[in-house]
Amino acid sequence: MPKIYFIDVTNRDGVQTANLGLSKLEKTMINMYLNKMGIFQSEFGFPTTRHESLYLQANLELAEMGILKPIRLEGWIRATVADVETALRLVPNIRHLNLSISTSNQMINGKFRGTKNRDDILNMMVDAVEAARSYGAKSIGVNAEDASRTDIDFLVKFGLAAKEHGAHRLRYCDTLGYDNPFTIYETTKTLAEDVGISIEMHCHGDLGMAVANSVAGAKGTLDGGQDAYINTTINGTGERAGNADLVATVLAITKSRGFAEKYPLGRSIDLRKAWKTAKFASYAFGVPIPINQPGVGANAFAHSSGIHADGVLKDPENYELYSFTELGRGEPELVETGRQISSGEYSGISGFRHIMGKMAVSFKDTEEAREVLELVRYANVEAQRPLVEDELLFIAKYPQIARKLLTLNPLENSVH
Ligand SMILES: [Zn+2]
């Protein structure tokens, strides 16, 4: 029986968002949180981008150490042989790739300006898939950019060619958020039936339907007999109006009327980690969570009007579809109201020991404490805000990995 899986793309689509970004340590923390939630795969970055290399390698090391496990770490590149080669040269251990190319006439004509036709697109994609396979890629997804504005016959042809050459998934990108639940259902069902390959839903919110479209696309894919993979980002962070929000989409799949009974998850998701994950992404991106955000917004479990307050006090199920404890909420949060000592890029050993001591972290000697402090200072240089407890603990626990994440060496000649 086909199932639904989640592929979070915060560390790729989320960080592409205008005016926003994450440090390499923050991206690593996101992978850690996604892993704890039980997310199947993280699109963890750009293997052809030089400043990502050490971050990607360090995260693959964490996977080998059994820390980032069982989450699958996959990189996004363009569907060209050159990108495959660069990716494998810069990040030799990467084994999961998504290869992206535009498929709509609008983009083929609008981007390539008459230098490429549909056959060229098919050939580029097929060559890139072959190259990825020959370099030992274990899983390959092929992304049809602007798929929702691509005619179905060409999409089927594109999918069949990808499958024939060894691709494992076809990413259906509703790049401009143009679909509605009815159209995406029909298209993904046809693709699943006619191509016979797992389909990834990649939905954007330009018309406010990213979550609804992801649910409908997953239904179409499963009805067509294939596994569905839903692309999400934490708090819906993504280009323009954003992507399908991770928590809202998990809630929609698992809690909406009668859906989960017919369309189950392939890996269970621990929503109790949702609150912490959403809060961290909000802090790291510097973007507040809207108060009416499903599950994690400040008002998601707030009641004030007489009838609602009375009803929810008598029985929460009167006015709450799910409980706040299921989302990992309800724990008191400690907010310092008196003296505050936080980490910074100019922190000293005494303040640092005080902060770590509060978290019951002790060092074997001053030298070890100084070494970790030095890394924490560098992390602050990148983040320009006090680190959260989980980040400090991460650095103290994995100083060698942290050192890699914090190393950024622009090459004198970086043009290749
Ligand atoms: Zn996107």
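Thresholds, definitions, all that
Residues numbered from 1 in each chain as written. Predicted model: local features only at pLDDT ≥ 70, side-chain atom pairs only at ≥ 80, totals over all residues. Heavy atoms only, no water. Helix = DSSP H or I, 4+ residues; strand = E, 2+ residues; numbered from the N terminus. Rg over C-alpha atoms; globule rule 2.2 N^0.38 Å. Buried < 20%, exposed > 50% of the residue type's maximum accessible area, 1.4 Å probe, protein only. Contact = heavy atoms within 4.5 Å. Areas by Shrake-Rupley, 256 points an atom, 1.4 Å probe, with all protein chains shown as cover. Lys, Arg positive; Asp, Glu negative; His and termini not counted. Charge placed at Lys NZ, Arg CZ, Asp CG, Glu CD. Expected span 1.5 Å × (residues − 1). Axes fitted to C-alpha atoms, helices over the stretch in contact; angles between N-to-C directions. Parallel < 35°, antiparallel > 145°, perpendicular 65-115°, else oblique. Left-handed = near helix turned anticlockwise from the far one by under 90°. Nonpolar A, V, L, I, M, F, W, Y, C, P; charged D, E, K, R; others polar. Donors = N, O, S within 2.8 Å, 3.2 Å for Na, K, Ca; no water. Pairing = 2+ DSSP bridges.

A. Quick look at the overall build of the protein. For the protein, the count of helices and strands is 16 helices and 8 strands. Taken against the 2.2 N^0.38 rule, which gives 22 Å for 416 residues, the C-alpha radius of gyration of the protein at 23 Å falls within 12% of a compact globule. Once the C-alpha set of the protein is aligned to its principal axes, its extents read approximately 65 × 65 × 35 Å. Counting the 416 residues in the protein, one finds 54% classified as buried. If you take every contact in the protein between residues at least 6 apart in sequence, the share linking residues at least 24 apart comes to 74%. Accessible area of the protein: about 19,200 Å², with a carbon and sulfur share of 51%. Side chains of the protein give 45 positive and 51 negative charges; the mean places of these two sets differ by 3 Å.

B. Main features of the side chain of N243. Mapped onto the fold, N243 is located in the loop between strand 8 (228-232) and helix 9 (246-255). Exposure remark for N243: the relative accessible area of 6% places this residue in the buried category. Beyond its immediate chain neighbours, meaning those up to four positions away, N243 contacts V9, D13, H202, C203, H204, A210, T233, G236, T237 and G238.

C. Helix 8 (residues 210-223), seen in detail. Counted at 1.5 Å a residue, the expected span for helix 8 with its 14 residues is 20 Å, and the 20 Å between its end C-alpha atoms agrees. The buried fraction of helix 8 is high, at 10 of 14 residues. Among all positions of helix 8, only A210, N213, S214, V215, A216, G217, A218, G220, T221 and L222 are buried. One or two residues past the end of helix 8 sits G225, with phi positive at roughly 90°.

D. Up close: the packing of helix 6 (residues 152-164) against helix 7 (residues 181-195). Where helix 6 contacts helix 7, the axes come no closer than 10 Å and their chain directions differ by 40°. Between helix 6 and helix 7, the interaxial angle falls into the category oblique. Here helix 6 and helix 7 pass one another in a crossing that is right-handed. Of the residues in helix 7, those touching helix 6 at I152, L155, V156, G159, L160 and K163 are T187, T190, L191, D194 and V195. Split into classes, the residues belonging to the contact of helix 6 with helix 7 amount to 6 nonpolar, 3 polar and 2 charged.

E. Representation of the coordination of the zinc ion. For the zinc ion, the protein coordination sphere consists of D13 (OD), H202 (NE2) and H204 (NE2), at 2.1 to 2.2 Å. Positions of the donor residues of the zinc ion along the chain correspond to the pattern D-x188-H-x1-H. In this pair, D13 is assigned in the loop between strand 1 (4-8) and helix 1 (24-37) and H202 in strand 7 (residues 198-203), connecting sequence segments 189 residues apart. Residues D13 and H202 agree in their burial class; the two are buried.

F. Main features of the packing of helix 1 against helix 2 (residues 53-64). Taken N-terminus to C-terminus, the directions of helix 1 and helix 2 make an angle of 30°; their axes are 10 Å apart at the nearest point. In this view, helix 1 runs roughly parallel relative to helix 2, as classed from their interaxial angle. Crossing geometry of helix 1 relative to helix 2 is assigned as right-handed. Taking contact as the criterion, the partners of K24, K27, T28 and N31 in helix 1 are, on helix 2, Y55, N59 and L62.

G. Structural detail: the side chain of T237. Take T237: it is sitting in the loop between strand 8 and helix 9. If near-sequence neighbours (up to four positions away) are discounted, T237 is found in contact with G14, T17, L20, N243 and F285.

H. Structural context of the environment of K27. Within the fold, K27 resides in helix 1. Given a relative accessible area of 2%, K27 falls into the buried group. Setting aside chain neighbours within four positions, we find K27 in contact with N11, V15, L22, F44, G45, E52 and Y55.

I. Looking closely at the pairing of strand 1. Summarising burial for strand 1: 5 of the 5 residues are buried, a large majority. Burial along strand 1 is two-sided: I4, F6 and D8 facing one way and Y5 and I7 facing the other are all buried. Direction of pairing for strand 1 relative to strand 8: parallel, over a ladder of 5 bridges. In the sheet register, I4 faces strand 8, and the bridge partner there is A228.

This is a description of form; function is not addressed.
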